[in-house]
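Descriptive structure summary
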2 protein chains.
Amino acid sequence: MNKKLPALDEIFSPRGVAVVGVSPNGRGFATGVMMSLRAAGFPDIYPINPRYTEVFGMPCYPSLTAVPGVVDHVVVSIPAESALSLLDDCAAKGVKSVHFFTAGFSESGIKERAELEKTMLEKARAGGFRIIGPNCIGLHVPKSKLVNTTTVSIEPGPVGFISQSGGHASNLPQYGSPRGLRFSKVVSYGNGLDIDECELLDYFTDDPDTEIIAAYIEGVRNGRGFIDALRKAAAKKPVVIYKGGTTEAGKRAAHGHTASLTSSVAAFEALCRQMNAIRVDDLDEMVDVIAALRFASPVPKGTGAAVIGAGGGPSVLASDELEKAGLQVPPLSGETQNGLLKFLPLAGSILINPIDAGNLATPDAIRETLNAVSRVPEIDMLVYHLGFHPISSWGGGRFVMPEFLNPTTQAMNAVKKTTGKPVLLVLRPPLNLDDMKDFLAAQDGFVKAGLPVFYSLHQAGRAMARVISWEKRRA
Amino acid sequence: MNKKLPALDEIFSPRGVAVVGVSPNGRGFATGVMMSLRAAGFPDIYPINPRYTEVFGMPCYPSLTAVPGVVDHVVVSIPAESALSLLDDCAAKGVKSVHFFTAGFSESGIKERAELEKTMLEKARAGGFRIIGPNCIGLHVPKSKLVNTTTVSIEPGPVGFISQSGGHASNLPQYGSPRGLRFSKVVSYGNGLDIDECELLDYFTDDPDTEIIAAYIEGVRNGRGFIDALRKAAAKKPVVIYKGGTTEAGKRAAHGHTASLTSSVAAFEALCRQMNAIRVDDLDEMVDVIAALRFASPVPKGTGAAVIGAGGGPSVLASDELEKAGLQVPPLSGETQNGLLKFLPLAGSILINPIDAGNLATPDAIRETLNAVSRVPEIDMLVYHLGFHPISSWGGGRFVMPEFLNPTTQAMNAVKKTTGKPVLLVLRPPLNLDDMKDFLAAQDGFVKAGLPVFYSLHQAGRAMARVISWEKRRA
């Protein structure tokens, strides 16, 4: 007889966690999770490996059933062949959930391995516990200190991320953390044997800790269920979806990756449009759109952008990039341009929008320009670009000094407060160590001030166009 | 009566250079050029400023006519109002060329300033010398040690770059230098008052030091002349063109930037197609295409790419990105896949192409895989991606150790030598200091081995598709 299954909320806040397959050499997924849990201060961690009695100063147990304390969640990285006997131990121990990092199941294309998965699910149902994966990196819940990495901020935040790919489940927080993104839960579900995208989407829809839902999906098995879950989710919260496997080769890769049969791109796009989910084309764009939703708020009323920065060639590029991405760069009137000449030089400047002047790399010139331009009715947002031109290049630490950063971010936030028009930062990442130091410090300063940071004009424009279009359909 | 004008070749190898407008505080364009010339070992540099007798330990002269030695080339950064009297001095001194960094001429939109430009040209014609600019960063000729920056390699190389924008003239070498691009001449021509894109294109067509011609152009004044020059150039050498000002806002910016009246995008695209010039959409793509022409040679016979690396989600992304960019990712036969299983693990691997396996971050696995896959007739090039996935992330210095880099680059070059199929590296730049150190060392290792490095799958695919299509039309 099947037992009552635990709710996802219980699974996301386990009392004890066992990590099966740890090793004292420091390598491997299980050991990494164990160290991450310890670094985050998770209280009851039980390393399991019959070959050791101690790993990294922690007692190591020969089996799950040998653990003295309560184990709610089990992280597994052992060969697929040993999965069934481990699940018997899970049932005996009375766990609530088992996460298999282990791969080599249905995604291998081997019939016996697909059947093995089915048997695993039967055992889980009979034992009254849930399975996450297999073939994934599992749960990352900062609030519960249930984490699987040490390299991203574990401060909890409002973004919930569902990912069929373990790589992306790791990469989104990696890419987003320095830009201020913080997560409620990141769930990598891999082959989705038990817990799948529909159940997770439903969960995040009602989760009070999640304000923005992000999902990386290669394919769905239950189309009807997914449509229902997506409809409910998108009606309540912004849902950002990246669909992997949109080309023939991508579909093949997705099938080999998580045994997914991906649906047609056109059908998926139509679905997102109908439900008003925000579809993105890659993981970088997902970070951009989430950053726009979080920090370029309120969502601009229109697509009119003022582009401000130093460098003529880059300004030409800026205009082209933003208009191609779907924004407008409306010309400023002669009157507004004359106003700008009070604090910007004539020689070497472009004032019609984009606005380019050599001194647009000083807080005073930036503040005056932002103030003047934000009063123009056709302008809905202000884009300041930095790091494209020798005059504004990283170097010398100028942009990371408090004398630059503090008045600049204050001016940017004042514009947003006064006019309701967000200011966007576009910082081109440099590819050398000295400038990277300055870049990281500047990014940190802007992010701490609550400003959205993008790495290219194209990416800023593309994300803002998506968010503005989403807001319009929602209204 | 007008004197005979000096040829461009003379201008690119001047004997003495005067730099007008230097300052002992170390700031400003003129001072930067002076320091760059000195750092490069240019022999006869004459700083000019009536306010000083010495700058940075070099004698400083009150005027051009006070210089004791020969002056062939003059670099000018003084207010536009002083331009005419300076040109009188140039005539008196018998110089060959004058480069005006100074801006605030026709591009300002002020009628008197446009007329000033005309008078300047008359003075130059009468004095028998040429003008570069105004409103540009001038000449960068490594072979002559006539350089304007200290931050890029000054080793001469086969790329000639013509740029209407000073920012781009600075940025292309900056971006391209770490990826192995070396330059014959970089000429920033700004408003193109005298020396313009047509004359430069003609020059590079016949320049024995230039094998690849790159051009950033906002607008051309002599359409017929440009068409003729482009036809001759593209018939002889690969010409990579980035046209700025392709949207309304971009055109406005271009006009304010270099007083250019840009032509229609469609007409420009058609022209590039007819002439078989390689059109690119931004400066990053220009670097990518030049890197492909230089280091992914011979140009692949077809668009079939094998994608090799670690990470399932990234592999799905890889396929989507490359196919969207215009390449094919053909599936491998069962036989080839079985062959791969001799050295790749079953669990967690995708073998059909893309090829993803956890151990594809070791030289042995990479070599075996490259060898096996390069024998497949449908595969025309091999793309190895690194730095997308936790397992292959930068960190720990693994990828920068000689034990990794040397056998890996040897295997890659052996594949190219044996099969004529190039191997491309895709390295995702990390955004933290520790990983950036590893990234730069790995990039350096691959570049020194003569391999093309790209920063994203999309960029690699886009550049290769452009180059393959160019080669097909050429053949």
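Preceding this paragraph is the structure being described.
Attention here is on the structure that accompanies the text. Along each chain, the written sequence defines residue order, and numbers are assigned to residues from 1. Chains carry letters from A onward and ligands carry numbers from 1 onward, assigned in written order. Where local features are concerned, this predicted model is filtered to residues with pLDDT of at least 70; where side-chain atom pairs are given and counted, the filter is 80 or more; whole-chain, interface and lining totals use all residues.

**Comments concerning the overall build of chain A**
Secondary structure elements follow DSSP: runs of H or I no shorter than four residues count as helices, runs of E no shorter than two count as strands, and numbering proceeds from the N terminus. Looking only at helices and strands, chain A has 16 helices and 18 strands in total. What you see for chain A is a C-alpha radius of gyration of 25 Å, in line with the 23 Å of a compact globule of 475 residues. With the C-alpha coordinates of chain A rotated into their principal frame, the extents come out at 80 × 50 × 35 Å. Across the 475 residues that make up chain A, the buried fraction comes to 59%. Our contact criterion uses C-beta atoms placed from the backbone: two residues qualify when those atoms are within 7 Å. Sequence-distant contacts, at least 24 apart, represent 75% of the contacts inside chain A between residues at least 6 apart. Atoms counted for the radius of gyration: C-alpha only. Globule rule: 2.2 Å times the number of residues to the power 0.38. Here the C-beta atoms are placed from the backbone, and a residue counts as buried if at least 20 other C-beta atoms lie within 10 Å of its own, exposed if 12 or fewer do, and partly exposed otherwise.

**A word on the sheet that holds strand 10 (residues 183-188) of chain A**
Hydrogen bonds between backbone groups are what pair the strands of a sheet, and the pairing can be parallel or antiparallel. Residues and elements named next belong to chain A. Read across the sheet, six strands follow the order 8-10-9-11-12-13 without closing on themselves; strand pairing throughout is mixed. Both edges of this open sheet fall to strand 8 (138-140) and strand 13 (278-280), since each of them pairs with a single strand only. Between one strand axis and the next, the sheet turns through 20 degrees on average, direction left out of account. Strand pairing is assigned whenever DSSP detects at least two bridges linking the two strands. The pairing of strand 12 (residues 239-243) with strand 13 spans three bridges and is classified as parallel. Following the sheet pairing, Y242 is matched in strand 13 by V280. In this analysis an axis means a line fitted to C-alpha atoms, helices contributing only their contacting stretch, and an angle means the value between N-to-C directions, from 0 to 180 degrees. Across the face of the sheet, helix 5 (residues 166-176) comes into contact with strand 9 (156-163), strand 10 and strand 11 (212-217) while running at roughly 160 degrees to strand 10.

**Some words on helix 13 (residues 363-374) of chain B**
Residues and elements named next belong to chain B. Taking 1.5 Å per residue as the helical rise, helix 13 with its twelve residues ought to reach 16 Å, and the 16 Å between its terminal C-alpha atoms agrees with that figure. All buried positions along helix 13 are accounted for by I366, T369, L370, V373 and S374. Viewed end-on, helix 13 has its buried residues packed into an arc of 115 degrees, placing them on one side of the element. Where helix 13 is buried, its residues contact strand 14 (305-309), helix 12 (334-340), strand 15 (355-356), strand 16 (381-386), helix 14 (402-419) and strand 17 (423-427). In this scheme, a helix's expected span is set at 1.5 Å multiplied by one less than its residue total. The directions considered for the arc run from the helix axis to the C-beta atoms.

**As for the interface of chain A and chain B**
Taken residue by residue, the interface counts 51 residues in chain A and 51 residues in chain B. Secondary-structure elements contributing two or more residues to the side of chain A that touches chain B are helix 5, helix 8 (248-258), helix 11 (312-324) and helix 15 (433-448) of chain A. The dominant element in the side of chain A that touches chain B, judged by the number of residues it contributes, is helix 11 of chain A, at ten residues. Taken together, the residues of the side of chain A that touches chain B break down into 23 nonpolar, 20 polar and eight charged. Each residue gets one label: Ala, Val, Leu, Ile, Met, Phe, Trp, Tyr, Cys and Pro are nonpolar, Asp, Glu, Lys and Arg are charged, and the others, such as Gly, are polar.

**Points about the sheet that holds strand 7 (residues 130-132) of chain A**
All names here are of chain A. Strands sit in the order 2-1-5-6-7 across an open sheet of five strands; the sheet is parallel. Looking at the sheet topology across the chains shown, the edges are occupied by strand 2 (44-48) and strand 7. The average angle at which neighbouring strand axes cross in this sheet is 20 degrees, direction not considered. Pairing of strand 5 (residues 73-76) with strand 6 (residues 97-100) involves four bridges; the strand directions are parallel. If you follow H73 over to strand 6, its bridge partner there is S97. Most of the contacts of helix 3 (residues 83-93) go to strand 6, to which it runs at about 160 degrees, and overall it touches strand 1 (16-20), strand 5 and strand 6.

**Quick look at unusual backbone geometry**
For the bond from N353 of chain A to P354 of chain A, the omega torsion is 5 degrees, close enough to zero to count as cis. Position of P354 of chain A relative to the elements: it lies in the loop between helix 12 (334-340) and strand 15 (355-356). For the bond running from S297 of chain B to P298 of chain B, omega is 0 degrees, close enough to zero to count as cis. Mapped onto the elements, P298 of chain B comes out in the loop between helix 10 (283-295) and strand 14. A positive phi angle, near 70 degrees, is found at N135 of chain B, a position not held by glycine. Relative to the assigned elements, N135 of chain B resides in the loop between strand 7 (130-132) and strand 8 (138-140). Residue classification places N135 of chain B among the buried residues on the basis of 30 C-beta atoms within 10 Å. Even without a glycine there, the phi angle at K145 of chain B is positive, about 60 degrees. Inspection of the secondary structure assignment puts K145 of chain B in the loop between strand 8 and strand 9 (156-163).

**A word on the relation of the copies chain A and chain B**
Alignment of copies: least-squares fit on C-alpha atoms of residues with pLDDT of at least 70 in both copies. Each copy superposes on the other: chain A lies on chain B with an RMSD of 0.0 Å after a rotation of 180 degrees and an axial shift of 0.0 Å. Considering both components of the superposition, the chain copies are consistent with a two-fold axis. Identified as the residue of chain A closest to the rotation axis by C-alpha distance is L433 of chain A, at 3.3 Å. Of the residues that chain A buries at the interface, 100% are likewise interface residues in chain B, meaning the two copies contact each other through the same surface.

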